[in-house]
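# Structure assessment
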Amino acid sequence: MLPATLQSPGEQNPLDNTMGVMLIGVILSAILYGLSISQTLYYYAKYPKDPWYLKLLVAITVCFDTIHLILITQTMYHYLITSYYNSNALTEATWGVIIEALPTGVTGALVQCFYAFRVFRLSKKNLILTGVIMILVVGNAGCGTVWVILAMSKKSYKDLLDISALTMTINALSVAADVLISLSLCIIFQRSKTGFRRSDTILTKLTIFFLNTGLATSMCAIGSLISLAVSPDSLVYALWYFCIGRLYANSLLAALNARNIIRGQTADLDELSRPTVPTSRASSSGRTPNISIKIDTMQQYAASEMALDQKEMGSMSTGHSAA
């Protein structure tokens, strides 16, 4: 039996693997949206001194997150309420279900660029590694834009099957970028261990944290990819795709909000958060730890106050104190 979105006029096929899974996707997406709003309020309350570009990044991400939720909610309202008595409407691809791919793509690209910049800084400005990540990110964004342009000319879900290969490519690129970013950060952290218990503990926690945040978006993209491969005629992939943008937003916000939590577990880190700390302190013990995740100057740290920079300086401080 064909899915309801591919049924012939007059048929009334079950909606479980079409509108049913889409509805579940909207509900899960709304729950994740609530988490992102909660994290956003926490961020602006706890980090009022963050640089303007981080605050702008959070605002833009939440804005596109909101737009996406509105679009998919409108889509479900159209199919389940407005067109309730018109079974033929189930086969028509509305503008909302197509346009919703744009805010998801923008959110994903912004968050991936944010992490790519961290990889660039922490890898001692490794242009090759960062370049590969950015190629995947830009390629994903480009394919997503092309998909929306092509999909706008399609009238039905049956017509959308013509660009299934492009849909799978988008998900594959998303998985590749997320996995590469997560593995890069984890390897950098593991190679930066000094042998000092406190600094190594922080690096281990950061490794687990970034592995988990990257795993969430990767698994969601993989779920969408598998759904497309196994059941291309249904809309099971929408269950995953509706949530991936929200997971990207929560990943970004969790990374920014985790700074105080990890900092609070490190002795004297509040002292080091002040830009008045002399940079010469790093060599006061006469030993130089093998830490690659450090910033060049205190001025850079004070200006950007990015999360990992704070962890790096905390690691350096605790390491020297233990020595």
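My aim in this report is to walk through the structure given alongside it, one point at a time. (Residues numbered from 1 in each chain as written. Predicted model: local features only at pLDDT ≥ 70, side-chain atom pairs only at ≥ 80, totals over all residues. Heavy atoms only, no water.)

Further remarks concern the overall build of the protein. Helix and strand counts for the protein stand at twelve helices and zero strands. Tracing the protein from N to C terminus, the helices and strands come up as α-α-α-α-α-α-α-α-α-α-α-α. Each of the 323 residues in the protein was classed as buried or not, and the buried ones make up 50%. Taking the intrachain contacts of the protein between residues at least 6 apart in sequence as the baseline, contacts between residues at least 24 apart amount to 76%. (Helix = DSSP H or I, 4+ residues; strand = E, 2+ residues; numbered from the N terminus. Buried < 20%, exposed > 50% of the residue type's maximum accessible area, 1.4 Å probe, protein only. Contact = heavy atoms within 4.5 Å.)

On to the environment of Gly139, then. Mapped onto the elements of the fold, Gly139 is located in helix α5 (residues 127–151). Measuring from C-alpha to C-alpha, the distance between Gly139 and Leu173 comes to 7.4 Å, with 34 residues separating the pair along the chain.

Another point: the packing of aromatic side chains. A full pass over the atoms with the stated rule returns six aromatic pairs. Between the aromatic rings of Tyr43 and Tyr44, the centroid separation amounts to 5.2 Å while the plane-to-plane angle is 70°, which identifies the pairing as edge-to-face. On the numbers, 4.9 Å between centres and 90° between planes, the contact of Tyr84 with Tyr85 is edge-to-face. Comparing Tyr84 with Tyr85 shows no difference in burial state: the two are exposed. Members of the aromatic cluster, each reached through a chain of ring pairs, are Tyr43, Tyr44 and Tyr47. (Phe/Tyr/Trp six-rings, centres within 6.5 Å; stacked < 30°, edge-to-face > 60°.)

Let's shift gears to the environment of Ser234. Along the chain, the position of Ser234 falls in the loop between α8 (197–230) and α9 (236–264). Through-space distance from the C-alpha of Ser234 to that of Thr18 is 5.8 Å; in sequence the pair is 216 residues apart. Those residues within four positions of Ser234 in sequence are excluded, and the remaining contacts are Pro3 and Asn17. A polar contact is formed between the side chain of Ser234 and the side chain of Ser231, at a distance of 2.6 Å. In terms of polar contacts, Ser234 uses its side chain to reach the backbone amide nitrogen of Val236, at 3.4 Å. (Polar contact = N/O pair within 3.5 Å; in protein donor to acceptor, adjacent residues only side chain to side chain.)

Tracing the sequence through the fold places Asp50 in the loop between α1 (16–46) and α2 (52–82). Among the polar contacts listed, one links the side chain of Asp50 to the side chain of Tyr43, at a separation of 2.8 Å.

By the element assignment, Val106 lies in helix α4 (residues 101–122). Judged by relative accessible area, which is 30%, Val106 ranks as partly exposed. In this structure the C-alpha to C-alpha distance between Val106 and Gly245, which are 139 residues apart in sequence, comes to 8.7 Å.

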